[in-house]
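Now for the letters of each chain:
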Amino acid sequence: AMAAVGAWWRDDAWWAAQTTTDGPHAGKAWWGWGSVAELRAEVEAHAGGDAAGRLLRPPTVAEAATLLPAPRVGVDAMPPELRRLCTAAPFERLLHSRGRDMIDVIRNVRGCLGCAHDLVAYPETEAHVSALLAACGSLRLAVVPFGGGSSVVGGVNAPSEELGFAGSVAIDLARMDRVLEVDQASQCARVQGGVYGPALEAALKSSGLTLRYFPQSFEYSTFGGWIATRGGGHFATGPTHVDDLLQSVRVVSPAGA
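Residues numbered from 1 in each chain as written. Predicted model: local features only at pLDDT ≥ 70, side-chain atom pairs only at ≥ 80, totals over all residues. Heavy atoms only, no water.

Participant: Would you mind going over the packing of aromatic side chains in detail, with residue names and values included?
Facilitator: Under the defined criterion, the tally for this structure stands at 5 aromatic pairs. On the basis of an interplanar angle of 85° and a centroid distance of 4.8 Å, the ring pair of W14 and W15 is categorised as edge-to-face. According to the relative accessible area criterion, W15 is buried, its value standing at 2%. Through a chain of ring-to-ring contacts, three or more aromatic side chains come together here, namely Y213, F214, F218, F223 and W226. Against the face of Y122 rests R175, its NZ or CZ located 4.8 Å from the ring centre. (Phe/Tyr/Trp six-rings, centres within 6.5 Å; stacked < 30°, edge-to-face > 60°. Buried < 20%, exposed > 50% of the residue type's maximum accessible area, 1.4 Å probe, protein only. Lys NZ or Arg CZ within 6 Å of the ring centre and 35° of its normal.)

Participant: Describe unusual backbone geometry, naming the residues involved and giving the relevant values.
Facilitator: Unlike most non-glycine residues, R140 shows phi in positive territory, near 60°. Within the secondary structure, R140 is located in the loop between α7 (126-138) and β3 (141-146). Phi angles above zero are rare outside glycine, and R230 is one such case at about 50°. For R230, the location among the structural elements is in the segment after α9 (223-229). On the basis of relative accessibility, which here comes to 59%, the residue R230 falls in the exposed class. (Helix = DSSP H or I, 4+ residues; strand = E, 2+ residues; numbered from the N terminus.)

Participant: Requested: an account of the sheet that holds strand β1 (residues 86-87), with residues and values cited.
Facilitator: With respect to topology, 4 strands assemble into an open sheet ordered β1-β2-β4-β3, the strand pairing being mixed. Looking along the sheet, the strands with just one partner apiece sit at the ends: β1 and β3. Pairing of β1 with strand β2 (residues 119-121), which is carried by 2 bridges, proceeds in the antiparallel orientation. If you follow T87 over to β2, its bridge partner there is V120. (Pairing = 2+ DSSP bridges.)

Rendered as structure tokens:
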């Protein structure tokens, strides 16, 4: 499945098979940075019809699904009220089990998948997050928070089976992506953790404000991820590390909010 077959990078069907049409990550490539359309443009521009493009052919979602370890826990193991928030779809497991470090991307492209999350959960409220953490605790499931998946330090990768968990769940905050309030007088905003950089800037711009925080991953990372990693942007020669711009955080942990 990973051997090059002709000019695969010009095959419309092959590119369509790299993503999904459903959910918050529709259109994204499971194995690398950005959308399928963006990756296709880059690959076609640099493949050149010669050896550079023929070295490796990333597997499609269907091909990669055959390489995934079987889920150790299914959606049915979760409490009934949480099941609609959870999925074990191959695209979701593939996308959420790796970050975007070069090593992660190369392993994806070569089909060396290793450990994978068993489930992906999409909470919509703080109460959902609390309930998911409680359920995972009772089932001995590891929980890995997921923002945009742009980590280059293994921050979203599935934990090793050697750690002894009964499984692992990625909790993706993509459906908690609202800018709840913008106060022009105090120049403060109340924001949910799953909002992506461009959407946050657009909301602030409508009030004549900007966060002035632009990491390299700006388009594909979230406010919650910036905080969790204490990120710094391209202008971070002064007060443009995200913690310099933060007033308070409400955090949900296994022990409570």
